[in-house]
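Okay, here's what each chain looks like letter by letter:
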Amino acid sequence: MSSPTFRLYNTLTHETEPVEPIEEEHLRFYSCGPTVYTYAHIGNFRSFVTADLIRRTAEALGWDVTNVSNVTDVGHLTQDDLVDPGGADKMQQALEREGERFANIYDLARHYTEAFLDDWRALNLREPEVRPRATEHVTDQLEAVIELVETGHAYTTDRGVYFSVDSIDDYGHLSGNTEAEQLQATDRDVVEDPGKQDPRDFALWKHDPDHLMHWHSPWGWGFPGWHIECSVMGMRYLGNRFDLHTGGEDLIFPHHDCEIAQNKALAGGPTVNYWVHTRFLQVEGKKMSKSEGNFYTVRDLINPDSSRDDHHVPLPLRKNGGVDPLALRYTLLQGQYRKPFNFTLDTLETAARHVQRFRDASERVDDAIEADVDGPDPIGPELGDCYDEMLAAMCDDLNTPAATAAALDGVKTIEQADRLSGAAAYSARHWLDRTNALLGIVKSEHDTSDASPSEADLSAAHLSGSIDELLAEREAARKDGEYARADAIRDTLDALGIEVMDTPDGPQWDRKREL
RNA sequence: GGUGACGUGGCCGAGUGGUCAGGCAGAGGCCUGCAAAGCCUCCUACGGCGGUUCGAAUCCGCCCGUCACCUCCA
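Conventions adopted
- Residues numbered from 1 in each chain as written.
- Chains lettered and ligands numbered in written order.
- Predicted model: local features only at pLDDT ≥ 70, side-chain atom pairs only at ≥ 80, totals over all residues.
- Heavy atoms only, no water.
- Helix = DSSP H or I, 4+ residues; strand = E, 2+ residues; numbered from the N terminus.
- Buried < 20%, exposed > 50% of the residue type's maximum accessible area, 1.4 Å probe, protein only.
- Contact = heavy atoms within 4.5 Å.
- Areas by Shrake-Rupley, 256 points an atom, 1.4 Å probe, with all protein chains shown as cover.
- Pairing = 2+ DSSP bridges.
- Polar contact = N/O pair within 3.5 Å; in protein donor to acceptor, adjacent residues only side chain to side chain.

Caption draft 1: Quick peek at the overall build of chain A. Secondary structure summary: chain A contains 16 helices and 17 strands in total. In chain A, which comprises 515 residues, the proportion classed as buried is 51%. Expressed as a percentage of contacts within chain A between residues at least 6 apart in sequence, the contacts between residues at least 24 apart total 74%. Of the accessible surface of chain A, which amounts to about 23,800 Å², a share of 46% is contributed by carbon and sulfur atoms.

Here is the structure:
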């Protein structure tokens, strides 16, 4: 069948448009990454998952993909900074907060970058082709700022260098914040640089020799403005024209409006065709915040033992002590990226069960492939249709709830097949692999095999001997009709956190799911 | 004040003019010594008020509500 048309909502035009890459069947896009001053939370990852799904959908269509996804490891200004140029930025604040942990600001950045990449892999996100760091491109940024000054798009004051928004057309088009007066009208708690020519002008370079990260420039020691790094790194790796740019909705203004302005000035015209923004998620119906107690970092959930305050996480479906990372990913797919999404632990629990169904089906299929029983393949065509449905849903502005619903139908098809012939198993394997390539919810694509077993594994191994004994005893009791004794044994196991299930193939047990 | 998004059953969430979303929870049934799991069936909603139409959750208007951004938070 012919491929569906890949459509995405473009913030620039307020319309869902067919994605037509500049280079045929080669999608080139830039994703705004995190500032690494703390552990990433699940909301951060919602937008990275969006970028990952764009990649996967494009690849499913047979396209090549080049994705640049940056890490912002330069601490940028907080509002306090504008009041007091010697004040702290977010990274500096973090360093002050956790002084003993890190030798210096670069150590802190390195630590949180590594943690971010761990989370990235845990959530089964595919690697970008280029992952540039802002600190590695300061020279490029300086050159860009110099060029902007030389071409009359920027000017200097004694506090820094500013981009002149009047020097280009249509500043603020992306966000709709086009009126200077309206920007001024808002009650902003910001002290302006009196040298600024227009209240909308934004910093390209900040003069500040005392900043913890500073570089030499024609304007003295200082550090680059926030917006310039993405312009420079995007154009450096993707050229003056590329297809698409992703980020969280908060970046629409000012970050992306400023980036568009800079790119226009540097490239002589528009650089990006499609702007895709991910909506913030809420948790339990409220804005995620530490004071509400509904703030979850990724590692809070998937690795609670290593987190300092994990007591507030009522963990559903623990797996080796934490939430199954794929369940977290699956949960994030339960809402379309462009709509407000209410993240709840209830949804997470459900997601864990669904992900387990994919795993179980996958194991069953592998066994059936090994057994390779002769027989017909009654499920192949159905699974093929199911995949088409999933891909069509993804192409429809990343309709992940519809895609996962279709995927669930597929796994149900496999579950309901009485016996899997070798042929049917092969079809199922093919479907599971393609489903995983598209949605990443069946198994991790990163090597996460842990050489050293976790404590939970060890205690499970220690327990399993006695569990088997108890189970055998219970089976004997059941055979003799001593159900009271059998139930008592089951209660004992239950108290140990072991759940017993009688199946046609004999009793099975699993660690009990908590919530 | 400005800008942008969104309001679907107990809950989460698809659906853009007329026949199905799906999941979770709940009810009944099959299976089971009893459970668990699984399977089958049931539960029929579209913020409010107008309008367009033979017909609207779906299009238009107004209102109400929620969320986000408005100089560095994905």
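After presenting the structure, the write-up continues.
Caption draft 2: Quick look at the pairing of strand β6 (residues 160-163). The side-chain alternation of β6 yields two buried faces, one formed by G160 and Y162 and the other by V161 and F163. Both strand β5 (residues 154-156) and β6 contribute to a ladder of three bridges, which runs antiparallel. Within β6, the position partnered with T156 by the bridge is V161. From the end of β5 to the start of β6, which pair antiparallel, there are three residues.

Caption draft 3: Representation of the sheet that holds strand β15 (residues 341-343). The strand order across the open sheet built from three strands is β12-β11-β15, with neighbouring strands paired in mixed fashion. Edge positions in the open sheet fall to β12 (286-287) and β15, since each of these has one partner strand only. Sheet topology note: the strand β11 (residues 281-283)/β12 ladder contains two bridges and is antiparallel. Counted as the bridge partner of V283 is K286 from β12.

Caption draft 4: Quick peek at the pairing of strand β1 (residues 7-10). As paired strands, β1 and strand β2 (residues 15-18) are joined by four bridges and run antiparallel to one another. Looking at β2, one finds that R7 is bridged to P18.

Caption draft 5: How the structure looks around the environment of T13. Inspection of the secondary structure puts T13 in the loop between β1 and β2. At 2.5 Å, the side chain of T13 forms a polar contact with the side chain of E17.

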